[in-house]
Amino acid sequence: MIAAAPAHPAAAAPATYSNPLPLDLGGGKLAEQCADPDVIRSEDPADPAWYLYCTRDVVDSSLRNPDGSLVFSSIPTYRSTDLVHWSFVGEALPTKPAWIGDGDMWAPDVAYVDGRYLLYYTATNTVAPGGGSAIGVATSDSPAGPWVDSGGPVVEPMPAPGSADPADRRWVFDPELITVGGERYLYFGSYYGGLSVRKLSADGLHSDPASQVQVAIPNRYEGTHVIEHDGWFYLLGSATNCCSGPLTGYGVFAGRSTSPTGPFEDRTGALLLDPRVGGTPVLHQNGNRWIGTGHVTSAVDATGQRWMLYHAVDRTDPYVAGGGTYTKRPVLMDALDWKDGWPVVRGGAGPSDSPQPAPVVTAGDPAAYVPTFVAPPGRGTLLPAYSDEFDGAEMDPAWTWERDPGATTRSLSGGALHWDTQAADLGPDPGAAGLPLRALPSGDYVVETRVSSTVPSEGCCQNYAQGGLVIHQGDADFVKLSVTSIWETRQTEFGKRETAEGPGYPTYGNAVGGPVAEATVLRLSRTHTATENVYTASTSADDGATWDEAGAWTTPLQTTPPRLGLVSMAAGGFTTTFDYVRVYGAAAAPGAGEPGGGGGATDPAALNPTAELAASGSTSDAWIAGLAALLAAAGVVVRVSGARGPLLGGPSRPRARRSGGGPPSPR
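As the structure is a prediction and not an experimental result, all values here were calculated from the model.

A.B. asks: Could you give an account of the pattern of salt bridges, naming the residues involved and the relevant values?
C.D. replies: All chains considered together, the criterion is met by 26 salt bridges. The salt bridge partner of Arg329 is Asp57, with a shortest N-O separation of 3.9 Å. Here Arg329 is found in the loop between β21 (306–314) and β22 (331–339), whereas its partner Asp57 is found in the loop between β5 (50–53) and β6 (76–80), with 272 residues between them in sequence. The salt bridge involving Arg563 is made with Glu402; its shortest N-O contact spans 3.9 Å. Residue Arg563 is found in strand β38 (residues 563–569), and its partner Glu402 is found in strand β26 (residues 400–402); the two are separated by 161 residues along the sequence.

What follows is the structure, given as structure tokens:
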């Protein structure tokens, strides 16, 4: 048990702050993480403070149980008067409710309803027949607690939508409450089963199953956060793996609707329910030390500026000490801004790793934050010697084949390369997929291709048929941007593979980008520091008229430069068409950005990470083979019916989440 930290004495609001936020445990110690954060401001005039709640987790790795295992805190709670400095208050639910059984408590969401506070949380299992995850709730007269659990689920365990197996259990995770016109709505869900919303009773303690509406397709989003802005409801969801150490690619996307029950669509018009799933990027890693940015909440300061709080992974320090591959996720904060009707973090600059203007907490004080929008990555002059329009009868001889699958698997016609997918993945093991490779320029550059596929536009399950670009250092070390079929979805996937540092560590991590179209344009932009390559991915569903950024992966600089490759793989029976491969010089350095309108302050590290940042030597690996066992360790019951499964990403791409005092467990 961790004692509450003494409250900080009243002091002037800080002029600046830096990530991660300091969470004071007392005794000179700071909390090491705060995953799945939620924040609320007290309604008590005598307590003008914000309260921060975190998923059940290890906050101090130096604390051990008598058996040597790590000590977990059950929904640790912190208090702040400036949104920057936080003091530990206590554990919201130190005693596990009996109805959870051997389950866990994740992802709190706290709301003020009719004079009291309601704390919703994920129960990863229940003692109900058949078990399964659910949403629980506790009540208190104060955001500091004490909390009294209601004794049962607000949202009960249930099968995944469309499942014919009554014993099936969807992932009833990540509650989010909003109130609209006196009506209360509770969102919940995750990858297995997708996202749904239900109406709640007036007291917020019960939900109406008959009111349930699906708002996002399975295998794409979790961690819902809903914001009302200018007559729209914006549903923000997190995608991919939350917890894969230095290969975590978690990111945040948005769809909007005029109704709290949707349908929610992105800026291209794609719905979050579409098989070619929609989502406009809000937050993703940018090449500095912060990766895996997601599971957001927000607070509004005295000037009306909204601030996004979220967890992330420091790729230079990704694991809890003594926890093996247990990923550590501290809490970060950055300004949330609006551009052309869509939310962006710091005007598109993404997570900050340098001092930032702090929130204003005293009414009447001037805003310290000066908004600036960041221009998206562009491109320079076309480099014909490195490009291929596929307008001949044969591929350019500059391509050399690694494991050539045979000339009968491909053809050139109509100014395009048509290449059959291979029933093999890319990696160092025997039987890996083949690929053509060619040289890249020695400096910074931009690579583009236009890809289409014969994979049907909807339906399950053509896992994980894909086609796209790869920057290939070797079969065990590459970054890849592809159009990929993932269960019932079609997504743009941005992945990184690297050599594992040891047994049990992940080797592959993935992020995702904007929506897929009949033909999708993929772009990889290479910049570099003195120690690293920085590869930023972008995708376009309208032939390059607009772009959605998918984040950045870094790789160490090598004596032997990487080569450009193409992939058409991971499931047989389809054909990938490449209309061209074009390599451009790097774009001119972006300017200071576009001032006004609420954009984020530009962080130079977001555009060119510091040369002093050494490449992370850490690698990690988490494969499907261990998914069922690790979920069982968390008390999560998953029954897979037919060919379906609760996974997102390419082969062996589970996302991980911790559980109890045991090993990291997939999310």
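A.B. asks: Report on the state of the cysteines, specifying residues and quantitative values.
C.D. replies: Scanning the model with the defined rule gives three disulfides in all. Put simply, Cys242 and Cys243 are joined by a disulfide, and their sulfur atoms are 2.2 Å apart. Judged by the sign of its S-S torsion, about -90°, the cystine formed by Cys242 and Cys243 is left-handed. The exposure class assigned to Cys242 is buried, which follows from its relative accessible area of 0%. A disulfide bridge connects Cys460 with Cys461, and the sulfur atoms are separated by 1.6 Å. Taking the sign of the torsion about the S-S bond as the criterion, the disulfide between Cys460 and Cys461, at about 75°, is right-handed. By relative accessible area, which is 36% here, Cys460 ends up partly exposed. Looking at Cys461, the relative accessible area reads 29%, which means it is partly exposed. Numbered by order of appearance in the sequence, the disulfide-linked cysteines of the protein chain pair as 1-2, 3-4, 5-6.

A.B. asks: Got a sec to walk through empty space enclosed by the protein? Specific residues and values, please.
C.D. replies: On inspection of all chains with the given rule, the structure shows six cavities of 30 Å³ or more. Roughly 210 Å³ of volume is contained in the largest cavity. Around the largest cavity sit 21 residues that line it, and Ser452, Ser453, Val455, Val483 and Val516 are the ones nearest its centre. Elements with a contribution of two residues or more to the lining of the largest cavity: β30 (445–453), β31 (466–474) and β32 (477–486). A breakdown of the residues in the lining of the largest cavity according to their chemical character gives eight nonpolar, ten polar and three charged.

A.B. asks: Tell me about the packing of aromatic side chains, residues and numbers included.
C.D. replies: Following the criterion strictly, the structure yields 16 aromatic pairs and no others. When the centroid spacing of 6.0 Å and the interplanar angle of 5° are considered together, the rings of Phe72 and Tyr326 count as stacked. Of this pair, Phe72 sits in the loop between β5 and β6 while Tyr326 sits in the loop between β21 and β22, and the two are 254 residues apart along the sequence. The residues Phe72 and Tyr326 share a single accessibility class, namely buried.

A.B. asks: Go over the sheet that holds β22, please, and point to the residues and values.
C.D. replies: The sheet built from four strands is open, its strands ordered β20-β21-β22-β23 with antiparallel pairing. In this open sheet, the two strands that pair with only one neighbour each are β20 (290–300) and β23 (342–345). Averaged over neighbouring strand pairs, the angle between their axes works out to 35° when direction is ignored. Judged from the seven bridges that link them, β20 and β21 form a sheet pairing that is antiparallel. Within the sheet, the bridge partner assigned to Ala299 lies in β21 and is Trp307.

A.B. asks: Provide a residue-level description of the sheet that holds strand β11 (residues 148–149), including the pertinent values.
C.D. replies: Spatially, four strands are ordered β8-β9-β10-β11 in an open sheet, and the strand pairing comes out antiparallel. Lying at the two open borders of the sheet, with one neighbouring strand each, are β8 (105–113) and β11. Pairing of β8 with strand β9 (residues 116–123) involves seven bridges; the strand directions are antiparallel. Considered in β9, the bridge of Trp106 is made with Thr122.

A.B. asks: I'd like a rundown of the side chain of Thr555, residues and numbers included.
C.D. replies: Note on placement: Thr555 falls in strand β37 (residues 548–556). Discounting residues that sit within four places of it in the chain, Thr555 has contacts with Val479, Lys496, Thr531, Glu532, Asn533 and Tyr535.

A.B. asks: Explain unusual backbone geometry to me, using residue names and the numbers behind them.
C.D. replies: For residues that are not glycine, phi is negative in most cases, and the peptide bond is trans in most cases. In this model, Gly262 is joined to Pro263 through a cis peptide bond whose omega is 5°. Note on placement: Pro263 falls in the loop between β18 (251–257) and β19 (280–283). At the junction of Asn463 and Tyr464, the peptide bond is cis and its omega measures out at -15° in the coordinates. Take Tyr464: it is sitting in the loop between β30 and β31. Even without being glycine, Ala570 reaches a positive phi, approximately 80°. For Ala570, the position within the fold is in the loop between β38 and β39 (575–585). For Ala570, a relative accessible area of 15% corresponds to the buried category.

Reading the values: the criteria
- Residues numbered from 1 in each chain as written.
- Predicted model: local features only at pLDDT ≥ 70, side-chain atom pairs only at ≥ 80, totals over all residues.
- Heavy atoms only, no water.
- Salt bridge = Lys/Arg side-chain N within 4 Å of Asp/Glu carboxyl O.
- Helix = DSSP H or I, 4+ residues; strand = E, 2+ residues; numbered from the N terminus.
- Disulfide = S-S within 2.5 Å.
- Buried < 20%, exposed > 50% of the residue type's maximum accessible area, 1.4 Å probe, protein only.
- 1 Å grid on protein atoms, 1.4 Å probe; cavity = no way out; pocket = protein on both sides within 12 Å on 5 of 7 lines; lining within 4 Å.
- Points joined across faces, edges and corners; volume = space filled by probe spheres on them.
- Nonpolar A, V, L, I, M, F, W, Y, C, P; charged D, E, K, R; others polar.
- Phe/Tyr/Trp six-rings, centres within 6.5 Å; stacked < 30°, edge-to-face > 60°.
- Pairing = 2+ DSSP bridges.
- Axes fitted to C-alpha atoms, helices over the stretch in contact; angles between N-to-C directions.
- Contact = heavy atoms within 4.5 Å.

It is worth stressing that arrangement in space is one thing and function is another; only the former is reported here.
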